[in-house]
Amino acid sequence: MRLVFNEICKLKRDNSLIFILALTLLPIITGAAGAFIGERKSASDLIFFVNNQFAIFFPMAVVMLAGSKVCQEWRDGTYLTWVTHGIPRTKLLASKAIVCAGVSAFMALTALALLTFVCLILSAEGTESFPVIAAFVPGFAAESLSIIITSTAMGFLIGVLSRNQLIVSAAAVVYGFASCLFIGADWSFIIPGSFAYRIATSSLDPLTYYSSPLTATFIGVFATATSVTVFATVAAAIFLKGRKIER
Amino acid sequence: MISLKNVSLEVGGKSLLDGVSFDFEDGKVYGLLGPNGAGKTTLMKTMLGLTAYSGEVLSDGRRAENEEFGSLIEYPAFYPRLTARENLELYARYRKIHRADVMTALDEVGLADSADVLVTKMSLGMRQRLGVARACLGSPRYLLLDEPTNGLDPLGIKEVRALLRGSLRHPKRCIIVSSHNLPELAAVSDELVFVRNGRLVSSTLCIGSASALEGLYEEIFSSNTEGRQPCA
């Protein structure tokens, strides 16, 4: 708890969080703008649109957040002090992971709250959105959880490999788009981001899920778990090994 | 006492530390002297476990632990969006220093009035002082200060010197200070240790005047002298 509290303290006055939150909310803002000028009339249309964009921008934001939190120690030059407190490095890294996951979950919840708010306003104009949102919530929760875990591990990996904020940001953008590149393919369950997206959309319309649901789910869960394990293990191994002379 | 036993470090085929063996005794202030790239900072990093060294770094005969050290290595780095006080409180929590007297530590280095100033708004000299305050927080057994007066104005240098001569000294504490400033080191050290090409080439127990020290420095780094020098 002490380490987690310290990591939370390090977020104080961190303006980059506003940018990362804005990135997460961007799909809802653009979706709402479209809805209000009449492009998407129903809540269901809006949620489909938002979820499509969310599957790109949320992984981007989470990778950026996780990578920047790791790189922070090198950027601020505090790395040497940070690793010489006599605390195992695994615990140091885990405390960052917990805080990043917590902040990411808060961002996802904020996105859901804003989406609900926009849908309720649409309802006032004649469409019934509450049942649609209620149906979407479990899928959205599963999607967000999957993205948070996978992207945090990926962000950490890029962070410890590069130790550079700019590289992390560039890689996050690529990762966001790459994870949704084959979103519509029938084999996209092997890509964690695409699999998560399809879970969310299937909660609105089961027909959007894979043609072999059982196999897809099994392989999808396995692929996601494997990705997380590989990303996290390699990141931890690199961080634990350090360099011959730490700088 | 901190003991180095045959400590070596090789990076990219280059030997940065070469069979260093030395006992740093409690109650003393050691001045580490040597030209740029001699291995002073690397030696300090090695004591902190920040290098892939071979050999042993022992504290009273057992493996030295990180939490026994307070250190200011290379440059005074802090979380820039936190204040001086918040940075020290964060450090105290990492070190499990209960009831850390952060304000007293800040006061000792003349930063009590700047406790709530963001580190990003501090000058290098102020950060250096804050670095010294952080290193001393919790009364660590060993204190490693790499160029602690770097960037300080004459008043700041005087304050650090007073700390090293006064309140930081303890019969059970060993302080190692590296600097290029010979008179400064001569003023605070009980023993000088000379480092050249990753080796401890000489140590001298008694410090004479600054000019005598300059002469000794020249003599050591222009000859192949090794070993402990007698009192001048």
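Note that the coordinates shown come from a computational prediction; the quantities given were computed from them, not determined experimentally.

Some words on the interface of chain B and chain A
- At the junction of the two partners, chain B supplies 31 residues and chain A supplies 30 residues.
- Between chain B and chain A, roughly 2700 Å² of surface is buried when both sides are summed, and carbon and sulfur atoms account for 55% of that area.
- Three residues, Leu50(B), Arg81(B) and Tyr94(B), lead the burial of chain B against chain A; their summed loss comes to 30% of the area buried on that side.
- Across the chain B-chain A interface, the total number found is three salt bridges.
- Of the charged contacts in the structure, one is a salt bridge between Arg81(B) and Asp14(A), with a shortest N-O distance of 3.9 Å.
- Contributions of two or more residues to the side of chain B that touches chain A are made by strand 1 (2-11), helix 1 (40-47) and helix 2 (84-94) of chain B.
- Of the residues belonging to the side of chain B that touches chain A, the class tally is 17 nonpolar, four polar and ten charged.

Comments concerning the pairing of strand 6 (residues 69-72) of chain B
Residue and element names in this part refer to chain B.
- Covered by surrounding structure in strand 6 are Phe69 and Ser71 together with Gly70 and Leu72, the residues of both alternating faces.
- As judged from the four bridges shared by strand 6 and strand 7 (residues 142-146), these two strands associate in the parallel manner. By the bridge assignment, Phe69 is partnered in strand 7 with Tyr142.

Looking at the pattern of salt bridges
- According to the stated counting rule, one finds 23 salt bridges over all chains in the structure shown.
- For the salt bridge of Glu191(B) with Lys28(B), the shortest nitrogen-to-oxygen distance reads 3.2 Å. With a gap of 163 residues between them, Glu191(B) in strand 9 (residues 191-196) and Lys28(B) in the loop between strand 2 (14-24) and strand 3 (29-33) connect regions that are remote in the sequence.
- Lys28(B) gets classed as partly exposed once you look at its relative accessible area, which sits at 21%.
- Connected via shared salt-bridge partners are Glu7(A), Lys10(A), Glu73(A) and Lys96(A).

Points about the packing of aromatic side chains
Residue and element names in this part refer to chain A.
- Enumeration according to the criterion identifies 14 aromatic pairs over all chains in this entry.
- Between Phe54 and Phe58, the aromatic rings sit 4.7 Å apart at their centres with planes inclined by 15°, giving stacked as the arrangement. In this pair, Phe54 and Phe58 are both assigned in helix 3 (residues 43-75), four residues apart and thus about one turn of the helix distant.
- The buried category is assigned to Phe58, whose relative accessible area is 0%.
- Aromatic ring contacts, followed pair by pair, group Phe54, Phe58, Phe136 and Phe140 into a single cluster.
- The cationic tip of Lys96 hangs over the ring face of Trp82; the distance from NZ or CZ to the ring centre is 4.9 Å.

Describing the environment of Leu17(B)
- Note on placement: Leu17(B) falls in strand 2.
- If we ignore the near neighbours within four places in the chain, the residues touching Leu17(B) are Val7(B), Ser8(B), Leu9(B), Gly39(B), Thr42(B), Leu43(B), Thr46(B) and Gly198(B).

Observations regarding the UniProt feature "transmembrane region" (unreviewed entry) in chain A
Residues and elements named next belong to chain A.
- Using the residue numbers shown here, the UniProt feature "transmembrane region" (unreviewed entry) corresponds to residues 16-37, 49-67, 97-124, 130-161, 173-197 and 217-240.
- A helix fraction of 100% and a strand fraction of 0% characterise residues 49-67, whose end C-alpha atoms lie 28 Å from each other.
- Along residues 130-161, the helical share is 100% and the strand share 0%, with 45 Å between the first and last C-alpha atoms.

Brief notes about helix 7 (residues 210-221) of chain B
Residue and element names in this part refer to chain B.
- Taking 1.5 Å of rise per residue, twelve residues should cover 16 Å, and helix 7 covers 16 Å from first to last C-alpha, within 8% of that figure.
- Three or more residues of helix 7 are buried, namely Leu213, Leu216, Tyr217, Ile220 and Phe221. The buried residues of helix 7 all sit within an arc of 115° when viewed along its axis, so they share a single face. Away from the buried face of helix 7 by more than 90 degrees, exposed residues Ser211 and Glu218 are located.

The rules we used
- Residues numbered from 1 in each chain as written.
- Chains lettered and ligands numbered in written order.
- Predicted model: local features only at pLDDT ≥ 70, side-chain atom pairs only at ≥ 80, totals over all residues.
- Heavy atoms only, no water.
- Contact = heavy atoms within 4.5 Å.
- Buried area = accessible area lost by both parts, 1.4 Å probe.
- Salt bridge = Lys/Arg side-chain N within 4 Å of Asp/Glu carboxyl O.
- Helix = DSSP H or I, 4+ residues; strand = E, 2+ residues; numbered from the N terminus.
- Nonpolar A, V, L, I, M, F, W, Y, C, P; charged D, E, K, R; others polar.
- Buried < 20%, exposed > 50% of the residue type's maximum accessible area, 1.4 Å probe, protein only.
- Pairing = 2+ DSSP bridges.
- Phe/Tyr/Trp six-rings, centres within 6.5 Å; stacked < 30°, edge-to-face > 60°.
- Lys NZ or Arg CZ within 6 Å of the ring centre and 35° of its normal.
- UniProt positions renumbered as here; feature names shortened; annotations may be inferred.
- Expected span 1.5 Å × (residues − 1).
- Arc of directions from axis to C-beta.

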